[in-house]
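Chain residues, written in single-letter form:
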Amino acid sequence: MTVSVQSFTALKEEIIKNVESNKELYLSTSHQIHEKPEIGNEEFFASALLTDILEKEGFEVKKAVAGHETSFIARKKSSKPGPSIAFLAEYDALPGLGHGCGHNIIGTTSVAAAIALSKVLEETGGEAVVFGTPAEEGGPNGSAKGSFVKHGLVEGIDAALMVHPHGQTRLTTTSLAVDPLDFEYIGKPAHAAASPHEGINALDAVLQLFSGINALRQQLPDDVRIHGIITHGGDAPNIIPEYAKARFYIRAATRTRLNEVTRKVKAVAEAAALATGAKVNIIAFQNEVDNLLLNKHFDAVFKEVVEELGETIAVDDKGIGSTDAGNISQVVPTIHPYIKIGADEIVPHTVPFKEAAASPTGDHGLLTGAKALALTALHLITETDTLAEIKAEFKERKALEA
């Protein structure tokens with residue numbers, strides 16, 4: 001629906017007031033999650049904390065969706081028709097490090113934004129939705145946003161958004177698509193000194209895999225990244241290894257290009273098995289991750305809002321790794337901007353970043369991020385032309401990647 005400038009201003013003020021009036025709850029929630037870090041698909045405390053807040057605010061919450069025990073979908077709908085806007089909540093920690101990526105802020109920010117938006121829905125129409133998506137950092141059955149897409153849970157959503165903590169406030173950048181694969185080789189044991197000819201060396205197959213991938217690199221485009229480790233290489237040096245396994249992340253700028261690269265890597269894996277006589281099993285140990293489909297019109301709305309809230313946008317077009325928000329972005333228009341929580345130079349997945357995620361600057365970023373997300377969503381719900389432009393750009397960019 002379209003509202004007057006005067007009405008829009010009043011709605012903005014109501015949203016900001018709601019975040020501010022609940023700031024102690026939101027900061028406490030973020031700090032509690034930070035103090036009790038849980039790795040992917042084990043975020044029972046964080047999930048319960050966030051869903052409890054949403055339920056108390058009148059959201060209809062469905063838990064344990066898409067094959068993830070700690071996932072949820074929370075919805076609050078106006079009696080009037082309008083767009084459905086999804087806020088993406090992450091709340092998993094890094095193994096050993098804790099919240100070194102600031103997901104305690106992400107989950108709380110998205111919940112706070114959805115609640116603030118819900119307070120004006122009876123006037124604007126539409127729906128506020130929170131996707132509680134575990135295991136963004138990956139691991140077994142990781143990258144739950146991919147599961148949400150596969151289970152059709154994104155259907156009916158008009159746009160999705162989240163904000164990620166960082167050293168600088170920035171707009172959405174490119175991210176790489178990822179195929180996370182295990183290569184498991186089965187050989188035959190034998191005494192390595194007395195009868196090596198009777199064995200089939202599974203570790204040799206893994207080494208051939210690494211050599212083959214290294215040879216492949218010179219034939220690959222600049223955006224491709226392939227990196228792996230040996231997770232099992234045998235049990236004793238005097239036994240021909242019967243079992244060996246390597247784990248790889250294969251990345252590329254687009255899903256289309258990554259599919260071709262992954263096909264080549266799998267061919268290398270099969271060749272290593274053929275060369276050594278071992279059997280190979282290729283296992284996707286978590287959801288594949290897609291690249292972020294950028295949306296400049298959507299980002300422009302966020303930019304206007306966050307600058308009005310006092311943030312300075314840093315210009316940076318470089319992508320930083322991968323995120324399963326990319327999977328959502330391939331289905332509906334999505335943005336994944338960043339909010340400043342510390343010094344410009346802090347780097348995610350480090351101790352200083354973890355400390356920033358529970359600092360006064362981090363708290364400020366959380367509250368600003370919540371307001372920015374809710375106000376961005378308000379623009380989409382109340383400005384028909386803006387949402388139409390965002391959807392048109394999504395279709396254009398999607399067609400170009402086909």
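Residues numbered from 1 in each chain as written. Predicted model: local features only at pLDDT ≥ 70, side-chain atom pairs only at ≥ 80, totals over all residues. Heavy atoms only, no water.

Its identity as a non-glycine residue notwithstanding, Ala-64 has a phi of 55°, on the positive side. Mapped onto the elements, Ala-64 comes out in the loop between strand 1 (60-63) and strand 2 (72-77). Not every positive phi belongs to a glycine, and Ala-66 is a case in point at roughly 55°. (Helix = DSSP H or I, 4+ residues; strand = E, 2+ residues; numbered from the N terminus.)

To continue, consider the pairing of strand 7 (residues 177-186). Most of strand 7 sits out of view: 9 of its 10 residues are buried. The sheet contact formed by strand 7 and strand 9 (residues 243-252) spans 10 bridges and is antiparallel. Counted as the bridge partner of Ile-186 is Tyr-243 from strand 9. Pairing analysis gives 6 bridges linking strand 7 to strand 10 (residues 279-284), with the strands arranged antiparallel. For Asp-182, the partnering residue across the bridge sits in strand 10 and is Ile-283. (Buried < 20%, exposed > 50% of the residue type's maximum accessible area, 1.4 Å probe, protein only. Pairing = 2+ DSSP bridges.)

Moving on: the layout of surface pockets. Approximately 490 Å³ is the volume attributed to the largest pocket. For the largest pocket, the lining is made up of 25 residues, of which Glu-136, Glu-137, Gly-321, Ser-322 and Thr-323 are closest to its centre. Residue composition of the lining of the largest pocket, by class: 8 nonpolar, 12 polar and 5 charged. (1 Å grid on protein atoms, 1.4 Å probe; cavity = no way out; pocket = protein on both sides within 12 Å on 5 of 7 lines; lining within 4 Å. Points joined across faces, edges and corners; volume = space filled by probe spheres on them. Nonpolar A, V, L, I, M, F, W, Y, C, P; charged D, E, K, R; others polar.)

Our next topic: the packing of helix 7 (residues 202-216) against helix 8 (residues 255-276). For the pair helix 7 and helix 8, interaxial distance at closest approach is 8 Å and the crossing angle is 140°. Taken as axis vectors, helix 7 and helix 8 run oblique relative to one another. Remark: the crossing between helix 7 and helix 8 carries right-handed chirality. Note on element contacts: helix 8 touches helix 7 through Lys-264, Val-265, Val-268, Ala-269, Ala-272 and Thr-276, opposite Asp-204, Ala-205, Gln-208, Leu-209, Gly-212, Ile-213 and Leu-216. Here the residues of the contact of helix 7 with helix 8 sort into 8 nonpolar, 3 polar and 2 charged. (Axes fitted to C-alpha atoms, helices over the stretch in contact; angles between N-to-C directions. Parallel < 35°, antiparallel > 145°, perpendicular 65-115°, else oblique. Left-handed = near helix turned anticlockwise from the far one by under 90°. Contact = heavy atoms within 4.5 Å.)

Another aspect to go through is the side chain of Ser-71. Along the chain, Ser-71 falls in the loop between strand 1 and strand 2. Polar side-chain contacts of Ser-71 include one of 2.7 Å to the backbone oxygen of His-68. Those residues in contact with Ser-71, other than ones at most four positions away along the chain, are Lys-62, Lys-63, Ala-64, Val-65, Tyr-91, Gly-132, Pro-134 and Phe-148. (Polar contact = N/O pair within 3.5 Å; in protein donor to acceptor, adjacent residues only side chain to side chain.)

Another aspect to go through is the packing of helix 4 (residues 103-118) against helix 12 (residues 360-382). Interaxial distance between helix 4 and helix 12 falls to 8 Å at its minimum, and their mutual angle equals 40°. If you check the angle between helix 4 and helix 12, you find them oblique. Along this stretch, helix 4 crosses helix 12, giving a crossing that reads as right-handed. For the pair helix 4 and helix 12, contact is made by Ile-105, Thr-108, Thr-109, Ser-110, Ala-112, Ala-113, Ala-116 and Leu-117 and by Gly-362, Leu-366, Gly-369, Ala-370, Leu-373, Ala-374, Ala-377, Leu-378 and Ile-381, respectively.

By the secondary structure assignment, Thr-172 is in the loop between strand 6 (164-166) and strand 7. What makes Thr-172 buried here is its relative accessible area of 8%. One polar contact links Thr-172 to Asp-299, side chain to side chain, over a distance of 2.9 Å. Side-chain polar atoms of Thr-172 contact the backbone nitrogen of His-336, separated by 3.0 Å. Aside from chain neighbours lying at most four places away, what touches Thr-172 is Leu-292, Leu-294, Asp-299, Ile-335, His-336 and Pro-337.

Pairing in this open sheet of 6 strands is mixed, and the strands run 1-2-4-3-5-11 from one edge to the other. A single partner strand is all that each edge strand has here, and the edge strands are strand 1 and strand 11 (334-335). Here strand 3 (residues 84-89) runs beside strand 4 (residues 127-132); their pairing, made up of 6 bridges, is parallel. Looking across to strand 4, one finds that Ser-84 is bridged to Glu-127. Of the strands in this sheet, strand 3 and strand 5 (159-161) are in contact with helix 12, which crosses strand 3 at around 160°.

To continue, consider the sheet that holds strand 7. By way of backbone hydrogen bonds, the strands of a sheet pair with one another, either parallel or antiparallel. Reading across from one edge, 8-9-7-10 is the order of the 4 strands in this open sheet, with antiparallel pairing throughout. Looking at the sheet topology across the chains shown, the edges are occupied by strand 8 (225-232) and strand 10. Ignoring strand direction, the axes of neighbouring strands in this sheet form an average angle of 20°. Where strand 8 meets strand 9, 7 bridges bridge the pair, whose relative direction is antiparallel. If you follow His-232 over to strand 9, its bridge partner there is Lys-245. In the packing of helix 8 onto the sheet, contacts are made with strand 7, strand 8, strand 9 and strand 10, and the angle to strand 7 comes to roughly 10°.

Take the pattern of salt bridges next. This structure, assessed with the given rule, holds 20 salt bridges. In this structure, the salt-bridge partner of Arg-255 is Asp-290, at a minimum N-O distance of 2.8 Å. With Arg-255 in helix 8 and Asp-290 in the loop between strand 10 and helix 9 (296-308), this residue pair connects regions lying 35 residues apart in the sequence. Residue classification places Arg-255 among the buried residues on the basis of a relative accessible area of 16%. Linked through salt bridges whose partners overlap, the residues forming this network are Glu-20, Lys-23 and Lys-371. (Salt bridge = Lys/Arg side-chain N within 4 Å of Asp/Glu carboxyl O.)

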